[in-house]
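For reference, the chains in residue letters:
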Amino acid sequence: MIIKSFKPSDCRESEVTDESAYLSRRRLLGAAAAGGLAAAVPGWARAEDASRYDGVEQGQPPAWFSSKLPSTKWQAATVKGESITPWRDATHYNNFYEFGTDKGDPAQNAGALKTEPWSVVVDGEVGKPGKYALEDFIKPYQLQERIYRLRCVEAWSMVIPWLGFPLSDLLKQVEPTSKARYVRFETLLDPQQMPGQRSSFALIDWPYVEGLRLDEAMHPLAILAVGMYGRELPNQNGAPLRLIVPWKYGFKGVKSIVRISLVEKQPETTWQRIAPGEYGFFANVNPNVDHPRWSQARERRLPSSLFSPNVRQTLMFNGYADEVASLYSGMDLRVNY
Ligand code: MTE
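Residues numbered from 1 in each chain as written. Predicted model: local features only at pLDDT ≥ 70, side-chain atom pairs only at ≥ 80, totals over all residues. Heavy atoms only, no water.

1. Topic: the sheet that holds strand S1 (residues 119–124)
Turning to step 1, where the next piece is worked out: In spatial order, the strands read S2-S1-S10-S5-S6; together these five strands make up an open sheet with mixed pairing. Each edge of the open sheet carries a strand with a single partner, namely strand S2 (130–133) and strand S6 (209–213). Each neighbouring strand pair of the sheet contributes to a mean axis angle of 15°, computed without reference to strand direction.
Turning to step 2, where the next piece is worked out: Across five bridges, the pairing between strand S5 (residues 182–187) and S6 is antiparallel. Note that in S6 the partner of Tyr182 across the bridge is Arg213. (Pairing = 2+ DSSP bridges. Helix = DSSP H or I, 4+ residues; strand = E, 2+ residues; numbered from the N terminus. Axes fitted to C-alpha atoms, helices over the stretch in contact; angles between N-to-C directions.)

2. Some words on the confidence of the model for the chain
Turning to step 1, where the next piece is worked out: Residues at a pLDDT of 70 or more form 85% of the chain, whose mean pLDDT is 88.
Turning to step 2, where the next piece is worked out: For the chain, per-element mean pLDDT is lowest for helix H2 (residues 41–49), which scores 43, and highest for S5, which scores 99.
Turning to step 3, where the next piece is worked out: Note that pLDDT drops below 50 for residues 3–16; the model gives that stretch 19 contacts with residues more than four away or on any other chain.
Turning to step 4, where the next piece is worked out: The model gives residues 36–51 a pLDDT under 50, and that stretch makes 20 contacts with residues more than four places away or in other chains. (pLDDT = per-residue confidence, 0-100. Contact = heavy atoms within 4.5 Å.)

3. Observations concerning the site of the ligand
Turning to step 1, where the next piece is worked out: The local shell around the ligand holds 18 residues, among which Tyr97, Glu98, Arg242, Gly253 and Lys255 are the closest.
Turning to step 2, where the next piece is worked out: The separation between an oxygen atom of the ligand and a polar main-chain atom of Tyr97 is 2.8 Å.
Turning to step 3, where the next piece is worked out: At 3.1 Å, a side-chain N or O of Asn237 approaches an oxygen atom of the ligand.
Turning to step 4, where the next piece is worked out: Contact with the protein chains removes 100% of the 540 Å² of surface that the ligand exposes when unbound.
Turning to step 5, where the next piece is worked out: Within the shell around the ligand, the residues separate by chemical class into nine nonpolar, six polar and three charged. (Near = heavy atom within 4 Å. Polar contact = N/O pair within 3.5 Å; in protein donor to acceptor, adjacent residues only side chain to side chain. Areas by Shrake-Rupley, 256 points an atom, 1.4 Å probe, with all protein chains shown as cover. Nonpolar A, V, L, I, M, F, W, Y, C, P; charged D, E, K, R; others polar.)

Here is the structure:
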């Protein structure tokens, strides 16, 4: 990763959607859905809280998203004792190298990415390969809210309420063959729309690729996200479809996915190819295994400033050890970083 020094001006708390505003929107959506007002809600809620979701022009949500939102299964509790990261930080402090290498570049440059129509190819070792329009791809699944920590390998973190569905639901549906051992994900390749793909910053061999072992991909915590904070995903966060694997470093969360392939061999992933000694295939959050150039023992939770750095201890598997540690029993996590 390209580590730049943090500017206190990167996140200004005065501009953010705070946690209580988000939770009140959530209550509104949940209550209206229960009361049968479902169809009318998205537009209404959008107008009601438009001023709080400042700084991201999203226009109208896609029809498939609006029709799914009312039946969303909202999560009962937030991450214990940890505040949800303000919307402004989550949408203006991004890594999406297709749109530039500065944290503010994706918010500035991704707005014009055309995410409708969008299609996703599912291929490789599956009984039911196909190319699906996104709305058909999403159709079978009920959206669920998942409030997860996001820990970047660069040692900053956030808490984000995602909307998505378990990756395992999709995998079961496409019927992996007995040869399928890994899942490979690919981001859109479109240099015309993605300035980073045509820039001289050529470290990355586009498209951005990530992968999971099949049992990791089947784990109930792994989701495909289509929204966050009760709205569709902003482009800079990986619209219209991205991967979220909360116990791994954020770079596993490949954005703007166009292809999902079931494969026999472990796929070579983007950061592994660039610097195999620094970024491994597993990339599990691990405070005991430092990056060769910095410690992973602690993290800066956004919003953070020079005077209020908001530093906390990093937790094993990003705090999800009870759920996922068994996936790695018997493995040396210093070797399999
Ligand atoms: N996906 C693509 N296609 N391109 C990227 O540059 N960056 C990764 C990941 N997914 C990246 C990507 C990294 S390094 C992180 S930390 C997360 O996205 C950041 O997600 P966020 O911007 O929504 O916080």
